[in-house]
Structure formats: C-alpha cells, structure tokens
Amino acid sequence: MSDIQQQIHATVTGNPVVLYMKGDARFPQCGFSGTAVQILKACGVENFVTVNVLADEAVRQGIKEYANWPTIPQLYVKGEFIGGCDIMREMYQSGELQELLKDLG
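Definitions and cut-offs
Residues numbered from 1 in each chain as written. Predicted model: local features only at pLDDT ≥ 70, side-chain atom pairs only at ≥ 80, totals over all residues. Heavy atoms only, no water. Helix = DSSP H or I, 4+ residues; strand = E, 2+ residues; numbered from the N terminus. Expected span 1.5 Å × (residues − 1). Buried < 20%, exposed > 50% of the residue type's maximum accessible area, 1.4 Å probe, protein only. Arc of directions from axis to C-beta. Core = buried A, V, L, I, M, F, W, Y, C linked by side-chain atoms within 4.5 Å. Contact = heavy atoms within 4.5 Å. Phe/Tyr/Trp six-rings, centres within 6.5 Å; stacked < 30°, edge-to-face > 60°. Axes fitted to C-alpha atoms, helices over the stretch in contact; angles between N-to-C directions. Parallel < 35°, antiparallel > 145°, perpendicular 65-115°, else oblique. Nonpolar A, V, L, I, M, F, W, Y, C, P; charged D, E, K, R; others polar. Salt bridge = Lys/Arg side-chain N within 4 Å of Asp/Glu carboxyl O.

1. With respect to helix α1 (residues 3-14)
Part 1 of the reasoning: With 12 residues, α1 ought to run about 16 Å at 1.5 Å a step, and its terminal C-alpha atoms sit 16 Å apart, in line with that.
Part 2 of the reasoning: For α1, the set of buried residues is Ile4, Gln5, Ile8, Thr11 and Val12. All buried residues of α1 lie within an arc of 125° about the axis, which places them on one face of the element. Pointing more than 90 degrees away from the buried face of α1 are the exposed residues Asp3 and Gly14.

Quick look at the structure:
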C-alpha cells in the first residue's frame, strides 16, 4: 500500500464518519459536496471529518483508487465506503442512511 493509501486508510478507519469532498463543510466548492454535507446534517451528524481533495492532488487521485470509485464526494462510515452524493441521497430518502448514522450524531 502506498503512503497516500495508508494515510487514507488511517483516516477512514480512525474516524466514524469521513467525507472526502471538494472544499470543507463550511465552504463546499461544488454542488455535490454541498449536498452531501446537507444530507449528513439532516441525518443529525454534526461531527464528521472532511478532507478537501482540492488541497492535495495525491489525495484527489488516491481516494479514487482507494475506493475504486471515480467521483467526489465519497462518504465513509466506520471505515466502510458508502458512496457518493447520489447514493447518499437515495439512502437518505429510504431512511437507510439515518439508520446507519443514528448513533454517530
């Protein structure tokens, strides 16, 4: 595993909720990232780690390889890759995301 892969692994396994996104929770820099933040907050999750992929090219490429998922944002819960904005929206609408996050708010 490369250094960047190890760094990503440590981040997603060391924090209950991690969102790799463009920008940060206070200032998302794309609509999909902003929507992902809104969905987490609607689920009652206020304490989550965000990683701004725009700040580091190695992280931006590394996270896509780590999850084998080509787009940003990417949500991880308890070390498990959940998906991007569309998957988060579908899970939220079905109630599945609230159930997954209920004890992590």
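2. Some points on the nonpolar core
Soluble, globular proteins show a tendency: their nonpolar side chains are buried together.
Part 1 of the reasoning: Val17, Leu40, Leu75, Leu97 and Leu101 are the most contacted members of the largest nonpolar core, which totals 18 residues.
Part 2 of the reasoning: If one sorts the elements of this core by residue count, helix α2 (residues 31-42) sits on top with 4 residues.
Part 3 of the reasoning: Those residues in contact with leucine 75 that lie beyond four places of it in its chain are Val17, Val18, Leu19, Leu40, Glu80, Phe81, Ile82, Gly83, Met88 and Leu97.
Part 4 of the reasoning: Ranked by size, the runner-up nonpolar core spans 12 residues in total, among them Val18, Val51, Val53 and Ile63.

3. Some thoughts on the packing of aromatic side chains
Aromatic rings considered in pairs are described by the distance between their centres and by the relative angle of their planes.
Part 1 of the reasoning: Under the definition given, this model contains 4 aromatic pairs.
Part 2 of the reasoning: Measuring from centroid to centroid gives 5.9 Å for tyrosine 20 and tyrosine 76, while their planes differ by 75°, and the two rings are edge-to-face. Of this pair, tyrosine 20 sits in strand β1 (residues 17-21) while tyrosine 76 sits in strand β5 (residues 74-77), and the two are 56 residues apart along the sequence.
Part 3 of the reasoning: A relative accessible area of 1% means that tyrosine 76 is categorised as buried.
Part 4 of the reasoning: Among the aromatic residues, those joined into a ring-pair cluster are Tyr20, Tyr66, Trp69, Tyr76 and Phe81.

4. A word on the packing of α1 against helix α3 (residues 57-67)
Part 1 of the reasoning: The geometry of α1 relative to α3 is characterised by a closest axis approach of 9 Å and an angle of 70° between their N-to-C directions. Viewed along their axes, α1 and α3 adopt a mutual orientation that is roughly perpendicular. Seen from α1, the contacting residues are Ile4, Gln5, Gln7, Ile8, His9 and Val12; seen from α3, they are Ala58, Val59, Gly62, Ile63, Glu65 and Tyr66.
Part 2 of the reasoning: Taken together, the residues of the contact of α1 with α3 sort by class into 7 nonpolar, 4 polar and 1 charged.

5. Looking at the pattern of salt bridges
Part 1 of the reasoning: Scanning all chains against the criterion turns up 3 salt bridges.
Part 2 of the reasoning: Notably, a salt bridge pairs arginine 60 with glutamate 57, separated by 2.2 Å at the nearest N-O pair. Placement of both arginine 60 and glutamate 57 in helix α3 is noted, with a separation of 3 residues, approximately one turn of the helix.
Part 3 of the reasoning: With relative accessibility at 44%, the residue glutamate 57 sits in the partly exposed group.
Part 4 of the reasoning: The residue lysine 102 makes a salt bridge to glutamate 99 at a minimum N-O spacing of 2.8 Å.
Part 5 of the reasoning: Judged by its relative accessible area of 49%, glutamate 99 falls in the partly exposed class.

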